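Single-letter residue listing:
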Amino acid sequence: MKQPLIEFKNVEKRFGDTVIFRDFNFSVEEGEIVSIIGPSGSGKSTLLRILMTLEGIEGGVVRVAGKPLWHKETDKGLVLADEKHLHEMRNHLGMVFQHFNLFPHMTVKRNITEAPMRVQGKTEIEANKIADELLELVGLSDKADMYPNSLSGGQKQRVGIARALAMQPAILLLDEITSALDPELVEEVLDVIRNLALKHSFTMLLVTHEMYFAREISDRVCFFDQGAIVEEGEPERLFIHPNEERTKAFLKAYMSQ
Amino acid sequence: MISFDWEWAFVLEILPMILSAAKVTLLATLLGSILAILVGLSFALLRRSKLVLLRVVTYWVVEFVRSTPLLVQIFFLYYVLPEFGISMSPLLTGVLALGLHYGAYLSEVFRSGIDGIEKGQWEAARALNLTTYDTYKDIVLPQAIRPMIPATGNYIIAMFKETPQLSAITLLEMLQVAKIIGSENFRYLEPFTLVGILYLVFSLVAAYGIHCIERRFPKEGFTLR
């Protein structure tokens, strides 16, 4: 059997006394596009943040490309990983944030070239070439020398996507990437993702509130509630014929908005 | 009846001596500031270390330095250290004492400046797999420096005004020289007045300079090489 690219096994995650995940299991195949939907506070973003090594886990194991993410395999079993291991594992992943988190003191281009130059040791010429291509991909070639604060939210987020792609991650994590945008700017960002999904074989994991988008783009949709996957399945099935009461209630509440 | 006579001839006579002592004062301030910035930055970064022990030790070192008088620290460095075989010139001692003392204060300025950087910036840097070093150098410090300028400048001016304390270890800075001139000529009015005026002028110029640096400091595009 083929090994999943991402695998959560019996994962436990707590914030103080608040349990987010307990005995949580989840996996994603290579090339799969998975959307995670559900009410706020259900642990959707935490899932992505654990994968991006922004949050640790208290129990269980997360595997990426077969290797434990937060642990190292030793003769004595799994031990908590050091920064070097995390650094290596992060090469598999890229993340786009809800609030963009662009570096405001750097030009758009420099935002994109920073990591390829510093982390992958690319020369400025090589990195600039990558940035030029990515800026064209997200339709912002003319903004290369501008600073993030002079861009619209939608443009900022497109830079955020380009910046994450510059590191050529196998897995792209999209954390509510349109939630901070004005409604009229949502489409330009989603178009970039549509384009990516069409032309490249990324593995994408997205947390989203745009149900129609999740339905359109995903291979699989997972409905999260209270730190557990209540229901998952192909988008058409899940959105049209949800099995679980909680899924129905959530979708109904969403539609009536 | 106290006579109040200001002698311009005397002023002109002593001015070169006081100005040359002003160079010592300025040198001590300049070197002290550079050291204080380095010490302050080191303390601030140590306070953010992953190692609890390092954080706690740094905290207490900073507290200790801030809670003891500068003069005690100056005396300690100058009179006690030689007993351990370390003896330094008055200027070096002064620079070290000022650098350490104000470094402790500056570490708090730098710490709050670094704390002021949004969490999202750190997370983006981590997601891009930047090392801690690159994160500080390329992402955090370039953004933190601008808001740190006013407080840092104030401390440097404060340091400048505390340099007379170095006269206690025979450093020939302005006040010490003025005192010597006064006692040699039995005239204190002109030397001390001159020293006061020079302190005022230098402080005002420095304050204006800092204001200009702050205003001109780029909001965007500032990176450390």
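Figured I'd write up the structure that's included with this text. Per chain, residues are indexed from 1 in the order of the written sequence. By the order in which they are written, chains take letters starting at A while ligands take numbers starting at 1. The predicted nature of this model means local features are confined to residues of pLDDT at least 70 and side-chain atom pairs, given and counted, to a pLDDT of 80 or more, with totals for whole chains, interfaces and linings taken over all residues. The side-chain numbers reported here are obtained from all heavy atoms of the structure, hydrogens and water having been left aside.

### Some details on the overall build of chain A
Here is step 1: The secondary structure listing takes helices from DSSP runs of H or I that are at least 4 residues long and strands from runs of E that are at least 2 residues long, numbered from the N terminus. From N to C terminus, chain A includes 9 helices and 12 strands.
Here is step 2: Both definitions apply: the radius of gyration is a C-alpha atom measure, and the globule rule equals 2.2 Å times residues to the power 0.38. Here the C-alpha radius of gyration of chain A, 19 Å, is about what a compact globule of 257 residues would show, namely 18 Å.
Here is step 3: Its C-alpha atoms give chain A principal-axis dimensions of roughly 55 × 50 × 40 Å.
Here is step 4: Within the span of chain A, comprising 257 residues, buried residues form 55% of the whole.
Here is step 5: In this description, contact between two residues means that some pair of their heavy atoms is separated by no more than 4.5 Å. Sequence separation of 24 or more characterises 62% of the internal contacts of chain A that already satisfy a separation of 6 or more.
Here is step 6: Here the open area of atoms and residues is found with the Shrake-Rupley method and a 1.4 Å probe, where only the protein chains shown may cover a residue. As displayed, chain A offers around 11,600 Å² of accessible surface, 48% of which is attributable to carbon and sulfur atoms.
Here is step 7: Positive: Lys, Arg. Negative: Asp, Glu. His and the chain ends are not part of the count. Charge positions are represented by NZ for Lys, CZ for Arg, CG for Asp and CD for Glu. Between the mean site of the 30 positive side-chain charges and the mean site of the 39 negative ones, chain A shows a separation of 3 Å. Each residue is placed in one exposure class: buried if its accessible area under a 1.4 Å probe, protein chains only, is under 20% of its type's maximum, exposed if it is over 50%, and partly exposed if it falls in between.

### Focus: the interface of chain B and chain A
Here is step 1: At the interface, 23 residues of chain B touch 28 residues of chain A.
Here is step 2: Here chain B meets chain A over a buried area of about 2,200 Å², counting both sides, of which 52% is carbon and sulfur.
Here is step 3: Buried area is understood as the total, over both parts, of accessible area removed when two parts are fitted together, assessed with a 1.4 Å probe. Looking at the side of chain B facing chain A, the largest losses of area belong to Arg126, Leu128 and Asn129 of chain B, adding up to 31% of the total buried there.
Here is step 4: Residues lysine 50 of chain B and glutamate 83 of chain A are paired through a salt bridge, measuring 4.0 Å at the closest nitrogen-oxygen approach.
Here is step 5: Sorting the residues of the side of chain B that touches chain A by element identifies α5 (119–127) and α6 (132–162) of chain B as the ones contributing at least two each.
Here is step 6: Top contributing element to the side of chain B that touches chain A by residue count: α5 of chain B, with 8 residues.
Here is step 7: Under the scheme applied, nonpolar residues are Ala, Val, Leu, Ile, Met, Phe, Trp, Tyr, Cys and Pro; charged residues are Asp, Glu, Lys and Arg; polar residues are all the others, including Gly. For the side of chain B that touches chain A, a count of residues per class yields 8 nonpolar, 7 polar and 8 charged. A pair is scored as a salt bridge if a Lys or Arg side-chain nitrogen falls within 4 Å of a carboxyl oxygen belonging to Asp or Glu.

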